[in-house]
Amino acid sequence: MSATALDGDQPTTSDTLLSAMDLRKSFGHTTALDRAGITVARGEIVAIMGPSGSGKSTLLHCLAGLVTPDSGTVLFEGQDLADLSDRARSALRRGEFGFIFQFGQLVPELSCVENVALPLRLAGTRRRVAEARAREWLARLEVEQIADKRPGDVSGGQGQRVAVARALVTAPKVVFADEPTGALDSFSGEQVMRLLVDTAKQTGASLVLVTHEARVAAYSDREVVVRDGRTRQRAEVS
Ligand SMILES: Nc1ncnc2c1ncn2[C@@H]1O[C@H](COP(=O)(O)OP(=O)(O)O)[C@@H](O)[C@H]1O
Ligand SMILES: [Mg+2]
């Protein structure tokens, strides 16, 4: 028996990086997730779609180990996140995961290059090496010219490119992005999305992308729709 069928989802294979089964999560009387499940293969780009309040962010946070579900299982490389200590889970997030949120959440007191270098610095990389690598990433995201500016002095689109660089600089196995272009105009949103998808593909990172824009889902390999806390898989997008 090599493959186990998940609840309404794709079968688990050796190519599976991350999977969640039967997730339930309530906040007081609000049910955010109701038997949700998802599978993410290595290098795959999965779009999580659905109306506002349907449970997309909660699902993402459970997958990333930021929120503990009331029941159900999240496996990363076969390892149950619930079996890890808080410390081990933090180490996993720092080492293997990258995060991008709607508003970049850059550190305002640091320059853009220092922001991108920060995850490397926290992992013990020397300043000079970390900042050199951060500058390379800013160049890949076509924003090397703002490297020494503070986040408050750059545009929204530039700030999100910095956030993408910061998410990818540690070579994570998976990047979690929660409406990363939701606060941008459609032109800069499109550019950020293309750069995010291209760089994720180039590095082989999986990308779990929450969005309510159908246009954005066109960049994904597969779509998962969340409605009232339940997940539904859509046929492969070509
Ligand atoms: N920390 C929280 N406290 C209370 N309710 C929450 C919290 N997070 C999410 N919810 C509720 O859970 C439901 C799903 O939220 P969320 O996952 O943020 O949806 P989405 O990202 O699809 O908009 C919503 O009804 C929301 O109000
Ligand atoms: Mg949300």
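The rules we used
Residues numbered from 1 in each chain as written. Chains lettered and ligands numbered in written order. Predicted model: local features only at pLDDT ≥ 70, side-chain atom pairs only at ≥ 80, totals over all residues. Heavy atoms only, no water. Helix = DSSP H or I, 4+ residues; strand = E, 2+ residues; numbered from the N terminus. Rg over C-alpha atoms; globule rule 2.2 N^0.38 Å. Buried < 20%, exposed > 50% of the residue type's maximum accessible area, 1.4 Å probe, protein only. Areas by Shrake-Rupley, 256 points an atom, 1.4 Å probe, with all protein chains shown as cover. Near = heavy atom within 4 Å. Polar contact = N/O pair within 3.5 Å; in protein donor to acceptor, adjacent residues only side chain to side chain. Nonpolar A, V, L, I, M, F, W, Y, C, P; charged D, E, K, R; others polar. Phe/Tyr/Trp six-rings, centres within 6.5 Å; stacked < 30°, edge-to-face > 60°. Lys NZ or Arg CZ within 6 Å of the ring centre and 35° of its normal. pLDDT = per-residue confidence, 0-100. Contact = heavy atoms within 4.5 Å. Pairing = 2+ DSSP bridges. Axes fitted to C-alpha atoms, helices over the stretch in contact; angles between N-to-C directions.

(A) Region of the structure containing the overall build of the chain. If you tally the helices and strands in the chain, you get 7 helices and 10 strands. Here the C-alpha radius of gyration of the chain, 18 Å, is about what a compact globule of 238 residues would show, namely 18 Å. Viewed in the frame of its principal axes, the chain has a C-alpha envelope of about 50 × 40 × 35 Å. Within the chain, the proportion of its 238 residues that are buried is 50%. As presented, the chain carries roughly 11,400 Å² of accessible surface, and 48% of it is formed by carbon and sulfur atoms.

(B) Structural view of the site of ligand 1. In the vicinity of ligand 1, the residues found are Phe-27, Thr-30, Ala-32, Pro-51, Ser-52, Gly-53, Ser-54, Gly-55, Lys-56, Ser-57 and Thr-58. Here Ser-57 contributes a side-chain N or O atom positioned 2.9 Å from an oxygen atom of ligand 1. Separating an oxygen atom of ligand 1 from a side-chain N or O atom of Thr-58 is a distance of 2.6 Å. Its free accessible area being 550 Å², ligand 1 has 59% of it covered by the protein chains. Elements supplying a minimum of two residues to the shell around ligand 1: strand S2 (30-41) and helix H1 (56-63). Of all the elements, H1 adds the most residues to the shell around ligand 1, at 3 residues. Taken together, the residues of the shell around ligand 1 break down into 3 nonpolar, 7 polar and 1 charged.

(C) A look at the packing of aromatic side chains. All told, the structure shown has 5 aromatic pairs when counted by the stated rule. Taken together, a centroid distance of 5.1 Å and an interplanar angle of 80° make the contact between Phe-76 and Phe-97 edge-to-face. Residue Phe-76 is found in strand S4 (residues 71-76), and its partner Phe-97 is found in strand S6 (residues 97-100); the two are separated by 21 residues along the sequence. Between Phe-97 and Phe-99 the ring centres are 6.4 Å apart and the planes differ by 70°, which places this aromatic pair in the edge-to-face class. The residues Phe-97 and Phe-99 share a single accessibility class, namely buried. Clustering of aromatic rings is evident, with ring pairs tying together Phe-76, Phe-97, Phe-99, Phe-101 and Phe-176. Sitting over the face of the ring of Trp-137, Arg-140 holds its NZ or CZ atom 4.2 Å from the ring centroid.

(D) Fine view of unusual backbone geometry. Even without glycine at this site, Arg-35 takes up a positive phi of about 65°. With respect to the helices and strands, Arg-35 occurs in strand S2. Arg-35 gets classed as partly exposed once you look at its relative accessible area, which sits at 34%. Phi at Glu-77 takes a positive value of approximately 50°, unusual for a residue other than glycine. In this structure, Glu-77 sits in the loop between S4 and strand S5 (79-80).

(E) Examining the confidence of the model for the chain more closely. Per-residue confidence for the chain gives a mean pLDDT of 90; residues scoring 70 or more make up 92%. Below pLDDT 50 for its whole length, residues 1-8 participates in 12 contacts with residues either more than four positions away or in separate chains.

(F) Highlighting the sheet that holds S5. On the basis of which strands lie adjacent, the open sheet formed by 4 strands has the order S2-S1-S4-S5 and antiparallel pairing. Since the sheet does not close on itself, it has two edges, and those belong to S2 and S5, each with one partner. Note that strand S1 (residues 16-27) and S2 share 9 bridges and pair antiparallel. Looking at the pairing, Phe-27 lines up with Thr-30 of S2. Lying on the sheet, H1 is in contact with S1, S2 and S4; it crosses S2 at an angle near 55°.

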